[in-house]
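Next come the chains, spelled out residue by residue.
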Amino acid sequence: MTEDIFIGFKREPQNLEVILRREGYTEKEKVGEFTVYTQKNDSWPQLFVCNPNLIKHRAKYWDVLGVNVVLELAINYHPADGSSNEVQRLSKIIIKELKGIAYDKNFEKFKQ
């Protein structure tokens, strides 16, 4: 079973792709409104970037939280395979450098 962390940005992050590349993630493919990023060895976590305002169920998620965001980065991972450490590391960098706010799928603030 996979878990998700959702990082929202109130303003368009200027260096998101630069930071993702620096941290070892490259664009794998585009799926609908999502751009998918993975590490070179295609391991977990996988990252999904979208404008949540263009996707009804993603916009609704942020509406429930009462947060207006222009971009979302979802980090999808398997807790049992050891990718939790990478999620902690990566989310901490992104939140700090790009001023993101993070929540889990249960609408709880993500604790780093």
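1. Digging into the pairing of strand β3 (residues 34-39)
β3 sits mainly inside the fold: 5 of its 6 residues count as buried. Counting the residues between successive antiparallel strands, the hairpin from strand β2 (residues 25-31) to β3 contains 2 residues, one of them, G32, with a positive phi of roughly 60 degrees. Across 3 bridges, β3 lies against strand β4 (residues 46-50) in antiparallel orientation. Looking at the pairing, Y37 lines up with L47 of β4.

2. What about the pattern of salt bridges?
Under the defined criterion, the tally for this structure stands at 8 salt bridges. Notably, a salt bridge pairs E27 with K30, separated by 3.5 Å at the nearest N-O pair. With relative accessibility at 39%, the residue E27 sits in the partly exposed group. Measuring nitrogen to oxygen at the nearest pair gives 3.0 Å for the salt bridge that ties R58 to E72. With R58 in helix α2 (residues 56-65) and E72 in strand β5 (residues 71-77), this residue pair connects regions lying 14 residues apart in the sequence. For R58, a relative accessible area of 9% corresponds to the buried category. E72 sits in the buried class, given a relative accessible area of 1%. Shared partners join several salt bridges into a network, and the residues in it are R22, E23, E86, R89 and E97.

What counts and how
Residues numbered from 1 in each chain as written. Predicted model: local features only at pLDDT ≥ 70, side-chain atom pairs only at ≥ 80, totals over all residues. Heavy atoms only, no water. Buried < 20%, exposed > 50% of the residue type's maximum accessible area, 1.4 Å probe, protein only. Helix = DSSP H or I, 4+ residues; strand = E, 2+ residues; numbered from the N terminus. Pairing = 2+ DSSP bridges. Salt bridge = Lys/Arg side-chain N within 4 Å of Asp/Glu carboxyl O.

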